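Residue-level listing of the chains:
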Amino acid sequence: MSVIVAREWSHRSGRDSGAALREYHERSAADTSHEEIEGQRMDPRSGDSSNLAHPAELPEAGAGSDVSLLTVSHDPVINGGAVSHLQQELDDVLREVMRVQGAEAGAVHVINHLTGDLSLMTQHGVEQRVAAWTSAGEWRDIPHRALRQRERISVEHQTTGADSMSLPSGFSTIQSIPLLGSDREPSGVLTIAFRKSHTFSQQEVLLTDLYASKAASVIEREMLREHLRLSEHRLRALVRSSTSTVWRMSADGTELIEAGGGAIRQHEVSNGPSDTWLIDRVHPDDREQTLLAWRHSVATGSDYDHVHRSLAPDGEYRHVRALAVPLIDERGNVREWVGTATDLSEMQQAEAALRESEDRYHTLFNSIDEGFCVIEMLFDASGVPVDYRFIEANPAFEGQTGLYNAVGRTARELVPALESHWFETYGKVALTGEPSRFINGSEPMQRWFDVYAFRVGGDDSRIVAILFNDITERKRVEDESARLLDRERAAREAAVTTARMREEFLAVASHELKTPLTSMKVAAQLLARQLRSGETVSDRVETLATHLLGETNRLDALVADLLDASQVQQGRLKLRREPVDLAALAKAVLERWTDAPERTDRHRLELDVSEPVPGMIDPVRMDRVLTNLISNAIKYSPDGGTIRVSVSRGGDQAQLVVSDEGIGIPDDARSQLFAPFTRGGQESGRIAGIGLGLYISDQIVAQHGGTITVESASGEGSRFQVLVPLNPQADLDE
């Protein structure tokens, strides 16, 4: 068997039936006439064609046929009644080509454009099954091969050859011709089969092409019809489901041809075209403007867009928006107008409700005393809030913030140094949707705010609304009230402390005054008795006189402390500065304590001076300071130890240090050590003194422009340091 590809006579896309017929007649003139060929091929009584079946004797196509030439799915793109019509027309073409060509069998397959498979539409003359042959492999599938190569494929039976293949039993020649449409795309395959070996003449090739073109045209026409029917079906479904009325108008715009769909059923035309649509449907007050707008569109061929009131089924007029476009034919003339009419009632009601809502919002927005603004949060590439832009702000915003023309600008533009906590707080509201109520202040704005912030919109929204009040004045009043309360509380505590200290002072002062007075009284009585006895002055009299002098000095120091404390509290403590060598002054004070009654043999006094330290000092007051410090060092060293006094110069300052190895001062007592009537810890209750020495010393040093500090710990002694300027710029007679 050999495969013959008739390339020169293959059916070409775009060949119309007239051209094929003319070429057939031209070639018929040089060969056997069409009638002769037809008679030889189709006469069942011819010797060469005795086995051919007459068309009337061929089996009918469809389910009753024994077998298909090609086993494929029956699911063409054309369905329903269109399939039956297409099958009938293709069946007529197949019968005709089989009759003309004298073929014993034939089939027409159509491409299913959904699956790409070939679907059998009709077949004739197959009396035995050939499914095994047709499914042996795609390369043996003659219809598929013709379709793939888009050219005629003829297969003749031979016993040998490179392209040899077995044909279905009982057939010697099969030919498949692709059915090419006007777009040169295949739509199916026409196949005819002969039981005897058959060689196609040029006239037969042309004739087969003619019938193939006819079959292709039938398929293309039916597909177009089906697509048109589907498009119309979709359009009508769209019209029925649309909320707008769809209408058609005559080319001159005078007759309403058809209308349907939508909620405005009054436009439906059931009794043919209407030329009274303007009077029947349009509100009297809108007719003139509607007609002018319609005539303008008709005259210019431009799109029509007009809003008017139209009569509704309930007898009420409703606003509708009518839109129309002209349909232009190939000559550029308007064939008709197609348009829609949309009921605007619901939209107008919604717009009215929206306007009312917006009016209420803006009334509230503009009338509230609180500041209100809407912001858009701005984030960097890593999602960190870095700024925000003002979208809206009410009139109270400027008064509450002091920021003007804020809308459209960012917070950093308006307040470059604005604290980051504002961005962090509002950013969290935008990201989480959780509202936030807080009070916070802004140093650059010099204001405090009571704020409520909440997100506007869904999860993806970055819009935040802020309702706030400037509470700067309230905050100032609250802070001032808090300060007054603190001051009042401190005053009450001070009053209590003062009362307690006064009571303690009176008790201590009474004791301190009574002790030297009692001692002096006893000494005076003894001395008087000694003198009255007429006895000669003895050592005992000297002792009594010395004791009396010591107690007198002690009483004098106590009275001096009281007087100095009184002057300090009344602001009348005055200095009388004069050139003084502080080193010499310290030496003189320390020498007075060498034979003092308070000092015992266990107390060692040391002076550390390397050079004179001259300065403008009040010698009496500074003597008092050194005396108080040395006295305290001795009193607070009951077990003895070294009391060291050092004087040195550091720049333009003198440094005086008095240290001891006594009981020290507890941590909790050091902070109040220089307050009046304060003594150094619980151990001080057994030590003489009224708690004025350090207070007076601190005030004297301060008057000199210096400072006095202490370093001490319980059980580790104390170290007092005095720093005073040597040449102060203040008035020397101050």
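Everything discussed here concerns the structure shown above.
Quick caveat: nothing in here was measured; it's all calculated off a predicted structure.

What counts, and at which threshold
- Residues numbered from 1 in each chain as written.
- Predicted model: local features only at pLDDT ≥ 70, side-chain atom pairs only at ≥ 80, totals over all residues.
- Heavy atoms only, no water.
- Pairing = 2+ DSSP bridges.
- Helix = DSSP H or I, 4+ residues; strand = E, 2+ residues; numbered from the N terminus.
- Axes fitted to C-alpha atoms, helices over the stretch in contact; angles between N-to-C directions.
- Contact = heavy atoms within 4.5 Å.
- Buried < 20%, exposed > 50% of the residue type's maximum accessible area, 1.4 Å probe, protein only.
- Left-handed = near helix turned anticlockwise from the far one by under 90°.
- Nonpolar A, V, L, I, M, F, W, Y, C, P; charged D, E, K, R; others polar.
- Salt bridge = Lys/Arg side-chain N within 4 Å of Asp/Glu carboxyl O.

J.: Explain the sheet that holds strand β12 (residues 371-379) to me, please; I cannot follow it from the model alone.
T.: For sheets, the rule is that strands pair by backbone hydrogen bonds, running either parallel or antiparallel. Overall, antiparallel pairing links the five strands, which are arranged β13-β12-β16-β15-β14 in an open sheet. The sheet is open, and its two borders are formed by β13 (385-393) and β14 (436-442), each paired with just one other strand. Ignoring strand direction, the axes of neighbouring strands in this sheet form an average angle of 35°. In this sheet, strand β15 (residues 447-456) lies alongside β14 in antiparallel orientation, the contact comprising seven bridges. Each bridged residue has a counterpart across the sheet, and for I439 the counterpart in β15 is D450. Here helix α9 (residues 345-367) sits on the sheet and contacts β12 and β13; the angle it forms with β13, its principal contact strand, is near 110°.

J.: Help me understand unusual backbone geometry in this model?
T.: Across residues other than glycine, the phi torsion is negative in most instances, and most of the peptide bonds are trans. Positive phi, close to 55°, is recorded for R150, a residue that is not glycine. Checked against the element boundaries, R150 lands in the loop between α5 (142-149) and β4 (153-156). The partly exposed category is assigned to R150, whose relative accessible area is 34%. You will see that Q446, though not glycine, has its phi angle at about 55°, which is positive. Summarising the element assignment, Q446 is placed in the loop between β14 and β15.

J.: Hey, could you run me through the packing of helix α16 (residues 619-635) against helix α18 (residues 693-703) in this one?
T.: The packing of two helices is summarised by the inter-axis angle and the distance between the axes. One can describe the packing of α16 onto α18 by two numbers: an axis separation of 9 Å at closest approach and a directional angle of 145°. Regarding α16 and α18, the two cross each other, and that crossing is left-handed. Across from R621, R624, V625, N628, L629 and N632 in α16, the residues of α18 making contact are G693, L694, I696, S697, I700 and V701. Tallied by class, residues from the contact of α16 with α18 come to six nonpolar, four polar and two charged.

J.: Where do I start with the pairing of strand β6 (residues 186-194) in this structure?
T.: Where a strand is regular, its side chains alternate between the two sheet faces. Burial analysis of β6 places nine of its nine residues in the buried class, which makes it a mostly covered element. Here strand β5 (residues 173-180) runs beside β6; their pairing, made up of eight bridges, is antiparallel. Opposite I174, over in β6, you have A193 as the bridge partner. Hairpin connection, β5 to β6: the antiparallel pair is bridged by five residues, and R184 has positive phi, about 65°.

J.: What should I look at first to understand the pattern of salt bridges in this one?
T.: A side chain with one charge can pair with a side chain of the opposite charge if their charged atoms come near. Under the defined criterion, the tally for this structure stands at 25 salt bridges. The shortest N-O distance in the salt bridge between D209 and R152 comes to 2.5 Å. With a gap of 57 residues between them, D209 in helix α6 (residues 202-241) and R152 in the loop between α5 and β4 connect regions that are remote in the sequence. Each member of the pair D209 and R152 is classed as buried. Salt-bridge contacts for E226 lead to R229; the nearest nitrogen and oxygen are separated by 2.8 Å. Of this pair, E226 and R229 both sit in helix α6, three residues apart, which is roughly one turn of that helix. On the basis of relative accessible area, R229 is assigned to the partly exposed category, the value being 38%.

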